[in-house]
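Coordinate inspection notes
Here is what each chain is made of, one letter per residue.
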Amino acid sequence: MTVYVQRILRGVAELIEQENGVFKAVCPLDCPDTCGLLLHKEKGKIVKVTGNPDHPITQGAICNKVRNMTERVYHPDRILYPMRRIGAKGEGQFERISWDEAISEITSRLKQCIRDYGSESILPYSFYGNMGILSVDGMDRRFFNALGASRLKQSICNSAGTAGWRYTMGFNGGTSPEDTINADVIIVWGGNIISTNMHQVVLAEQARKRGAKVIVIDVHRNRTAQWADWFIPLYPGTDAALALGMMHVMFRDDLVNEQFMKHYTIGHEELRKQVESYTPERVSRITGVTIEDIEKLAVMYGRADTSYIHIGNGLQHHDNGGMNVRSITCLPALTGQWLRRGGGASRSNGGYAQMNSAKLERPQLRPNPKARTINMNRIAEALEWEDNPVKALFVYCSNPVVVAPDADRVKRGFSREDVFTVVHDLFVTDTAKYADIVLPATSSFESTDLFSSYWHHYIQLQEPVIPAQGESKSNMELFSLLGRAMGMDEASFSQSEEDMIKEALHYPSNPYLNGVTLETLKEHQFVKLDMTPQQTFLEHLPTRSGKIELYSSAMMEAGLPPLPEYVPLQEGYDGERRPGVNDHFPLMFISPPNHNFLNSTFANVEKLQKIEKAPTLQIHPNDAAARGIEDHDDVIVFNQRGRYELKAVVTDKMLPGTVISQGLWWEKDGKKQRANVLTPDRLADMGEGATFFSTTVEVRKTAVE
């Protein structure tokens, strides 16, 4: 151990030992803002969480979820020691065991799986319940690589949109947040940013004060839509059609930048011909947006001096999700907005902070480089395989029984007695109830980790502020312990957090990391990426042509349309394809986040439960009247996959034919309250992404059987 690392460890110990004071921290949630925090300690306990006013982007403002983080850290139901199941799967009955017993049983069962079924019978299931890089992209990856386990394709969130964006732009980065204050037209397309990206709202407000107009395009008049200057509702999954309709008007009315397109794009002439058929009249029939609004939107966007499009998550969760994002991504290229400071678009800026994943994950440890990959959206299907079956699951930083699609099938898979299941979490979640072994996890405030943002450009360091609660261990500690217990490469599983951070940040291939080191993070806690290369990014785009690809030969070779086009949903309706008398499920069902939960996180925090009250179904007055449903009626939402029980809220916040239920709730009191029992596990057109929002249902009053 070097003198430098020893000094770091002493400093960390001193932080934990200080009983009183205010300490810098990072929000660990799967949220683009990645806020700088201040933790207020009294008598060794965190008593308050506030925002860090010195953080250049988040500037002291935090959401209600994080303000109540202490309710989660010190929750009375938090797991504090390892447990073994003693009842049937799903009953949630466990007995306390020691860590030695837990490690012994886990390693024994994993070795048995390898002997009897091969190493690919073991499947890790994780996502970003904690966004710490060491927690979810580090020692865990090493362990499952060395084990030879099946790979997990983590495509439940943003993979369709990422693919659509990359086919067009070639890299996973867009407009810098700070620059958006210079825009005079801001379009928030498919994102409820008041609930999911609050600091972009702050920046948009600054632009507003300078005269900017904020337009929200969405299927739901949510909090962000109510805040906007202009809300444009449309039918779910018709976003590409609206973008193509805008392009039609822009080409027709010469609202495009010919010089920019000739120099920086490929395929603009083909695109010009492609959009000829997307007249405002046709697009209006498809989307439900009036002809007048399509014309007005296109002209406002085309004439703007500086326009910025914020592409949200929701519109990619469709059968045509990748094409939705790709089509919108083409718009800034038509008007040359990438040359304007604050112009352009963003869907994710995570590519700027790319780190040395090979050093973190150690793929060379894998004995079977061609091991199979299982898509996390298809976990229900994977647990039904008879050939090459899954025989062990290791779940961490995720709650798949609630968040994965086709949730009733997922629950049946997790109920199998012949699948050995380990869950590492802070709580006995709906998933943990099906575990054979439950392990206590630390909160992010109890461990050392590295955080980047997929929105702003700051890298942040989290050091432990309080000791691990009970016998909890971080992901880093757990997989280090398991690796050594399995007899794996000692050096790979004995590294410190600090050494891993240094290796992750040492990545000369990414010039944006210049100047970001463990030493500077220790001194400042957050360090901005070197954004100098962004100034000339248009000159070296990593697409095949080196240009913005309005026409993509790569898409053609992948069997996809090479130009943007509207592809109707496999399951769903648009304005031209309305349900007929023989359609059993005539309503489109959308389940976006609510304001006080983050996916299923915080759904067990009583204070936030009381604010959200209970799951509700927002239904249009026309659809409610046709079914004899009144406000506050108990209703059942159902389709061929399952049923969901909740109360009706009759409202005109969406177009007729669409119903909305916000938030993912844990089941309790015997009620069926999992929205994802209704959602399909089909894969999107690109990136093998999730199709949560391409779901059709019917609704009836509970009393009617």
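Since this is a predicted model, take the numbers as computed values, not measurements.

Reading guide: rules and limits
Residues numbered from 1 in each chain as written. Predicted model: local features only at pLDDT ≥ 70, side-chain atom pairs only at ≥ 80, totals over all residues. Heavy atoms only, no water. Helix = DSSP H or I, 4+ residues; strand = E, 2+ residues; numbered from the N terminus. Rg over C-alpha atoms; globule rule 2.2 N^0.38 Å. Buried < 20%, exposed > 50% of the residue type's maximum accessible area, 1.4 Å probe, protein only. Contact = heavy atoms within 4.5 Å. Areas by Shrake-Rupley, 256 points an atom, 1.4 Å probe, with all protein chains shown as cover. Lys, Arg positive; Asp, Glu negative; His and termini not counted. Charge placed at Lys NZ, Arg CZ, Asp CG, Glu CD. Arc of directions from axis to C-beta. Salt bridge = Lys/Arg side-chain N within 4 Å of Asp/Glu carboxyl O. Axes fitted to C-alpha atoms, helices over the stretch in contact; angles between N-to-C directions. Parallel < 35°, antiparallel > 145°, perpendicular 65-115°, else oblique. Left-handed = near helix turned anticlockwise from the far one by under 90°. Nonpolar A, V, L, I, M, F, W, Y, C, P; charged D, E, K, R; others polar. Core = buried A, V, L, I, M, F, W, Y, C linked by side-chain atoms within 4.5 Å. Pairing = 2+ DSSP bridges. Polar contact = N/O pair within 3.5 Å; in protein donor to acceptor, adjacent residues only side chain to side chain. Phe/Tyr/Trp six-rings, centres within 6.5 Å; stacked < 30°, edge-to-face > 60°. pLDDT = per-residue confidence, 0-100. Disulfide = S-S within 2.5 Å.

Looking now at the overall build of the protein chain. Helices and strands together make up the secondary structure of the protein chain, namely 26 helices and 27 strands. Relative to its length of 705 residues, the protein chain is compact, with a C-alpha radius of gyration of 25 Å against a globular reference of 27 Å. With the principal axes as the frame, the protein chain shows a C-alpha extent of 70 × 65 × 50 Å. Burial statistics for the protein chain: of 705 residues in total, 63% are counted as buried. By sequence separation, contacts in the protein chain at least 24 residues apart represent 75% of the contacts at least 6 residues apart. A total accessible area of about 26200 Å² is found for the protein chain, and carbon and sulfur atoms account for 48% of it. Charged side chains of the protein chain number 77 positive and 87 negative; the gap between the two group centres comes to 1 Å.

Within the span of helix α22 (residues 497-505), buried status applies to Glu 497, Glu 498, Met 500, Ile 501, Ala 504 and Leu 505. Along the long axis of α22, the arc covered by the buried residues comes to 160°, so they all point the same way.

Take Gly 267: it is sitting in the loop between β11 (265-266) and α13 (268-274). With 35 residues separating them in the primary sequence, Gly 267 and Gly 302 have C-alpha atoms 19 Å apart. Contact partners of Gly 267, with chain neighbours within four places excluded, come to Leu 550, Tyr 551 and Leu 563.

Now for the pattern of salt bridges. Side-chain pairing between opposite charges can occur once the charged atoms of the two side chains come close. Under the defined criterion, the tally for this structure stands at 40 salt bridges. Among the salt bridges present, the one from Glu 95 reaches Arg 84, with a minimum N-O distance of 2.9 Å. Residue Glu 95 is located in strand β5 (residues 94-96), and its partner Arg 84 is located in strand β4 (residues 83-85); the two are separated by 11 residues in the primary sequence. The class for Glu 95 is partly exposed, based on a relative accessible area of 32%. The residue Arg 409 makes a salt bridge to Glu 384 at a minimum N-O spacing of 2.7 Å. With a gap of 25 residues between them, Arg 409 in helix α20 (residues 407-414) and Glu 384 in the loop between α18 (379-382) and β15 (392-396) connect regions that are remote in the sequence. On the basis of relative accessible area, Arg 409 is assigned to the buried category, the value being 18%. Here the salt bridges do not stand alone but share partners, grouping Arg 85, Lys 89, Glu 417 and Asp 436 into one network.

For the rest of this paragraph, the subject is the packing of helix α14 (residues 280-287) against helix α15 (residues 291-303). Running from N to C, α14 and α15 point in directions that differ by 115°, and their axes come no closer than 8 Å. When the axis of α14 is compared with that of α15, the two are roughly perpendicular. Crossing geometry of α14 relative to α15 is assigned as right-handed. In contact with Pro 280, Glu 281, Val 283 and Ser 284 of α14, α15 contributes Ile 291, Ile 294 and Glu 295. Here the residues of the contact of α14 with α15 are counted per class, giving 4 nonpolar, 1 polar and 2 charged.

Here we take up the nonpolar core. Counting 187 residues, the largest nonpolar core has Phe 143, Trp 189, Leu 331 and Phe 394 as the members making the most contacts within it. A per-element tally of this core places helix α11 (residues 239-252) first, with 9 residues. With sequence-adjacent residues up to four places away left out, Leu 331 is seen in contact with Trp 189, Ala 243, Met 246, Met 247, Met 250, Tyr 301 and Ile 309.

This paragraph deals with the sheet that holds strand β17 (residues 437-440). Pairing is mixed across the open sheet formed by 6 strands, whose spatial order is β5-β4-β17-β16-β15-β6. Taken across any chain shown, the strands that pair with only one partner, and hence form the sheet edges, are β5 and β6 (122-126). Sheet twist, expressed as the mean angle between neighbouring strand axes with direction ignored, is 20°. Both strand β16 (residues 420-425) and β17 contribute to a ladder of 4 bridges, which runs parallel. Paired with Val 422 across the strands is Ile 437, a residue of β17.

Mapped onto the elements, Gln 534 comes out in the loop between β20 (526-528) and β21 (548-549). Apart from the residues within four sequence positions on either side, Gln 534 is in contact with Gly 174, Ser 176, Tyr 352 and Tyr 512.

What follows deals with the environment of Ser 545. Along the chain, Ser 545 turns up in the loop between β20 and β21. Sequence separation between Ser 545 and Thr 265 is 280 residues, and the spatial gap between their C-alpha atoms is 8.8 Å. Here Lys 547 takes part through its backbone nitrogen, which lies 3.1 Å from a polar atom of the side chain of Ser 545.

For the rest of this paragraph, the subject is the packing of α11 against helix α16 (residues 321-335). Running from amino to carboxyl end, α11 crosses α16 at an angle of 20°, the nearest separation of the two axes being 8 Å. Taken together, α11 and α16 sit at an angle that is classed as roughly parallel. Classified by chirality, the crossing of α16 by α11 is left-handed. Two secondary-structure elements touch here, α11 through Asp 239, Ala 240, Ala 243, Met 246, Met 247, Met 250 and Phe 251 and α16 through Met 323, Asn 324, Ser 327, Ile 328, Cys 330, Leu 331, Leu 334 and Thr 335.

Attention shifts here to unusual backbone geometry. A positive phi angle, near 50°, is found at Gln 59, a position not held by glycine. Within the element layout of this structure, Gln 59 appears in the loop between β3 (45-51) and α2 (64-67).

A few words on the packing of aromatic side chains. As enumerated under the stated definition, the model contains 18 aromatic pairs in all. On the basis of an interplanar angle of 40° and a centroid distance of 5.7 Å, the ring pair of Phe 143 and Phe 479 is categorised as tilted. Of the two residues, Phe 143 sits in helix α6 (residues 139-147) while Phe 479 sits in helix α21 (residues 475-485), which places them 336 residues apart along the sequence. An identical accessibility class is assigned to Phe 143 and Phe 479; each is buried.

Predicted coordinates in regions of low pLDDT should not be interpreted in detail. Residues of the protein chain with pLDDT of at least 70 account for 96%, and the chain-wide mean is 94. Under a pLDDT of 50 for its full length, residues 1-5 has, in the predicted model, 8 contacts with residues more than four places off or in other chains.

Take the state of the cysteines next. A full pass over the atoms with the stated rule returns 0 disulfides. Lacking any disulfide linkage, Cys 31 is separated from the closest cysteine sulfur, that of Cys 35, by 6.1 Å. For Cys 31, a relative accessible area of 19% puts it in the buried group.

The sheet built from 3 strands is open, its strands ordered β1-β2-β3 with antiparallel pairing. Unpaired on one side and paired on the other, β1 (21-26) and β3 mark the two borders of the sheet. Between one strand axis and the next, the sheet turns through 30° on average, direction left out of account. In terms of strand pairing, strand β2 (residues 36-42) meets β3 through 6 bridges, oriented antiparallel. Residue pairing for β3: Leu 39 is matched across the bridge by Val 49.

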